[in-house]
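This is what each chain is made of:
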Amino acid sequence: MESQRFFLGRIIEPFLDAVFPRYCVSCKAEGALLCPSCFAAFDDRVFKVEDNHLTMFAYGNPIIRDLIKAYKYEFDHSAFRILQKLAEPKIETVKSFIGESILVPVPLAPLRLRERGFNQAAAVGSWLATTTGAQMHELLRREETKGHQAERTVEERETAMTRSPFRLASLLLSKEESEEVQVRGSEGGVVLIDDVWTTGSTMKAAERTLKEAGVEHVKFLTLAKG
C-alpha cells in the first residue's frame, strides 16, 4: 500500500502541492520544505572523515533530520533534491573520498522494500555515482527482518545485527560485471552507502559480509550521522 501511494504521489505531485502546500522545515514559510532564505543561510555541512566514515550532515540538525524524515517516511522527493543541493559545495570532498571504490548501497529487507517502494540508500548511491562518476553495484541482499531499526534501542539494534542479515548477490551479475567488480574492488575497495548512521550496527554487519567474501577495504558514507 505504501509503495502504491509513493508511485501515485509522483504522478499527482503537482496537484498535491496545490492542495497540500509545503512549509519550510526551518521558518515555516509556505512554498518549499526549505525556503530560499533558509537554504542560503544553511551552514552546517559536516563532510568529515572519521574511522573510514564520511558523513555529510549532522542528524542532530533539525533541518537535516526533518528533510530526511520527509523523504524517507513521507515519500517527498523534493526533500532529497534539497539535500543534494545542500551537498553541492562539498561534492569534491565526496569524490576524493570515493576514489576508485565501488559504491554499494545497504539493501532493505524485501518486505520493507515493498512497504516503502524504494531504497533510500540506493537512491543516494545512484546520485553519487552520477555526480562523481563512480560505479554502483547492488552487491548485497538482505534477509527478512522483524521490526524497524528506528524503533529499537541501541542495545536491540546491536543484538539484531550480531548475525549479519546480509548475503552476496553476485549471482545476479553477469560474468563481465562480476569480473569488473572483482577488479575494481581489489583496487579501490568498497564504499558502503546508507542514509543515516545511528549506532553503525547495520553497516558493520554489511562490512563483515563483504570482508568474508574477500573485500579488503571497506569504507562508509552516509547523508547524516546522529
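Residues numbered from 1 in each chain as written. Predicted model: local features only at pLDDT ≥ 70, side-chain atom pairs only at ≥ 80, totals over all residues. Heavy atoms only, no water.

(A) Quick look at unusual backbone geometry. A positive phi is found at F47, a non-glycine position, where the angle reads about 45 degrees. Mapped onto the elements of the fold, F47 is located in strand β1 (residues 45-50). With phi around 60 degrees, N52 is a residue other than glycine that occupies positive phi space. With respect to the helices and strands, N52 occurs in the loop between β1 and β2 (53-58). Accessibility expressed as a relative area gives 46% for N52, which makes it partly exposed. (Helix = DSSP H or I, 4+ residues; strand = E, 2+ residues; numbered from the N terminus. Buried < 20%, exposed > 50% of the residue type's maximum accessible area, 1.4 Å probe, protein only.)

(B) Geometry of the environment of M203. Counting through the fold element by element, M203 comes out in helix α11 (residues 201-212). Since its relative accessible area comes to 2%, M203 is described here as buried. Sequence separation between M203 and I193 is 10 residues, and the spatial gap between their C-alpha atoms is 8.4 Å. Beyond its immediate chain neighbours, meaning those up to four positions away, M203 contacts V106, L192, I193, D194, W197, F220, L221 and T222. (Contact = heavy atoms within 4.5 Å.)

(C) Layout of the packing of helix α6 (residues 91-98) against helix α8 (residues 120-132). The geometry of α6 relative to α8 is characterised by a closest axis approach of 10 Å and an angle of 95 degrees between their N-to-C directions. By the angle between their directions, the pair α6 and α8 is classed as roughly perpendicular. Only W127, L128, T131 and T132 of α8 make contact with α6, whose side of the interface consists of I91, V94, K95 and I98. Partitioning the contact of α6 with α8 into residue classes produces 5 nonpolar, 2 polar and 1 charged. (Axes fitted to C-alpha atoms, helices over the stretch in contact; angles between N-to-C directions. Parallel < 35°, antiparallel > 145°, perpendicular 65-115°, else oblique. Nonpolar A, V, L, I, M, F, W, Y, C, P; charged D, E, K, R; others polar.)

(D) Local environment of the environment of S201. By the secondary structure assignment, S201 is in helix α11. We classify S201 as buried; its relative accessible area is 10%. In the structure, S201 is positioned 37 residues away from S164 in sequence and 9.5 Å away in space, judged by C-alpha atoms.

(E) Highlighting the nonpolar core. Of all hydrophobic cores here, the largest spans 42 residues; its most connected members are M56, F57, V94, W127, L128 and L221. The contact partners of L221, leaving out residues within four places of it in the chain, are H53, L54, M56, V94, F97, I98, L128, V191, L192, I193, D194 and M203. Core analysis: the second largest hydrophobic core is formed by 16 residues, W197, M203, V218 and F220 among them. (Core = buried A, V, L, I, M, F, W, Y, C linked by side-chain atoms within 4.5 Å.)

(F) Geometry of helix α5 (residues 77-87). Most of α5 is tucked away, with 8 of its 11 residues classed as buried. Looking only at α5, the buried set comprises H77, S78, A79, F80, I82, L83, L86 and A87.

(G) Just the packing of helix α4 (residues 62-73) against α5, in detail. It is at 7 Å that the axes of α4 and α5 come closest, and there the two elements cross at 140 degrees. The angle between the axes of α4 and α5 places the two elements in the oblique class. When the axes of α4 and α5 are compared, the crossing they make is left-handed. Listed contacts from α5 to I64, L67, I68, A70 and Y71 of α4 are H77, A79, F80, I82, L83 and L86. (Left-handed = near helix turned anticlockwise from the far one by under 90°.)

Fair warning: the whole summary comes from geometry, so function is off the table for now.
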